[in-house]
Amino acid sequence: MSGNIVIVFICRIRQKCLILMAFIENAMTQKMHKILLVDDELDILEFLSYNLKKEGYDVFTASNGDEAVKTALEEIPNLILMDVMMPGKDGVETCEEMRTHSRLDNTVIAFLTARSEDYSQIAGFEAGADDYINKPIKPKVLQTRIKALLKRSDVSGKESKEKTSIESGDLYIDKERFVVIKNNEELTLPKKEFELLALLMSKPEKVFGREEIFNLVWGEDIIVGDRTIDVHIRKLREKIGDKYIKTLKGVGYKFVAG
């Protein structure tokens, strides 16, 4: 009888230890994630910073575009949450500048803003943003979106370590340098445009459906606008030409070698 009690007692201790170890591992994983908050309203920065730090994230803040770029290059955050409306250099301009720095290639940039107009969202994605989140948003919902974005950051970081290249016709993609070469001319694309082109070029003539593109480029847990793919395809065509990416109405897109 006493032996059974000892066994039960040991099992309970082991179960508690496993739970504690899982909690510690989760906390350590979250602390590895750096988040940069950019907003000119200090009360919003304080509120978001407080809640994210409670979740175990390493949080940095900036109140304007220039400070955000400086902090981003110093800390290389996994995620940047940024407002659109800021005095001086606004969020869109700041995002564009950040996307010119290769050190931030694996940093996910999301706008967290009250601006919900279509043209504002389009401008954000064209500047190189990965997501566009409208205020107001419930804290728990925001936490879920942040976790999804960080998951995407982790995947991008792993993929960037792979030294791979893709060549098709007169287009060549160097994944390590994050550049596209067309007719011996080097093109620098925003992160999502690059990933979208790399996906289409990876299997010429294969038709990628919209949902498949969303999942593979933006991540299935990330919610983006309906016109996101259309905007990125249009920008790609402007840079590499119309003949490479074909639209199959109601189906998706495919890459055709030149």
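Shown above is the structure to which this text applies.
Described in the following lines is the structure provided in the data block.

Reading the values: the criteria
- Residues numbered from 1 in each chain as written.
- Predicted model: local features only at pLDDT ≥ 70, side-chain atom pairs only at ≥ 80, totals over all residues.
- Heavy atoms only, no water.
- Helix = DSSP H or I, 4+ residues; strand = E, 2+ residues; numbered from the N terminus.
- Buried < 20%, exposed > 50% of the residue type's maximum accessible area, 1.4 Å probe, protein only.
- Contact = heavy atoms within 4.5 Å.
- Areas by Shrake-Rupley, 256 points an atom, 1.4 Å probe, with all protein chains shown as cover.
- Pairing = 2+ DSSP bridges.
- 1 Å grid on protein atoms, 1.4 Å probe; cavity = no way out; pocket = protein on both sides within 12 Å on 5 of 7 lines; lining within 4 Å.
- Points joined across faces, edges and corners; volume = space filled by probe spheres on them.

## Brief notes about the overall build of the protein
Consideration 1: The number of helices and strands found in the protein is nine helices and 12 strands.
Consideration 2: When the 258 residues of the protein are sorted by exposure, 44% land in the buried category.
Consideration 3: Of all intrachain contacts in the protein linking residues separated by at least 6 positions in sequence, the fraction that spans at least 24 positions is 59%.
Consideration 4: Surface summary for the protein: the accessible area is close to 14200 Å², and the carbon and sulfur share equals 54%.

## Regarding the pairing of strand 11 (residues 245-248)
For a regular strand, the rule is simple: side chains alternate between the two faces of the sheet.
Consideration 1: Of the strand pairs in this sheet, strand 11 and strand 12 (residues 252-255) are connected by four bridges, and their pairing is antiparallel. Bridging from a neighbouring strand, T247 pairs with Y253 of strand 12.
Consideration 2: A loop of three residues connects strand 11 with strand 12, the two strands running antiparallel in sequence, and G250 in this loop sits at a positive phi of about 80°.

## Examining empty space enclosed by the protein
Consideration 1: According to the stated counting rule, one finds one cavity of 30 Å³ or more in the structure shown.
Consideration 2: L37, V38, D39, I44, L45, L48, L81, M82, D83, L112 and K135 are the residues that line the largest cavity.
Consideration 3: Of all the secondary-structure elements, those providing two or more residues to the lining of the largest cavity are strand 1 (34-38), helix 2 (42-54) and strand 3 (79-82).
Consideration 4: With three residues, the top contributor of residues to the lining of the largest cavity is helix 2.

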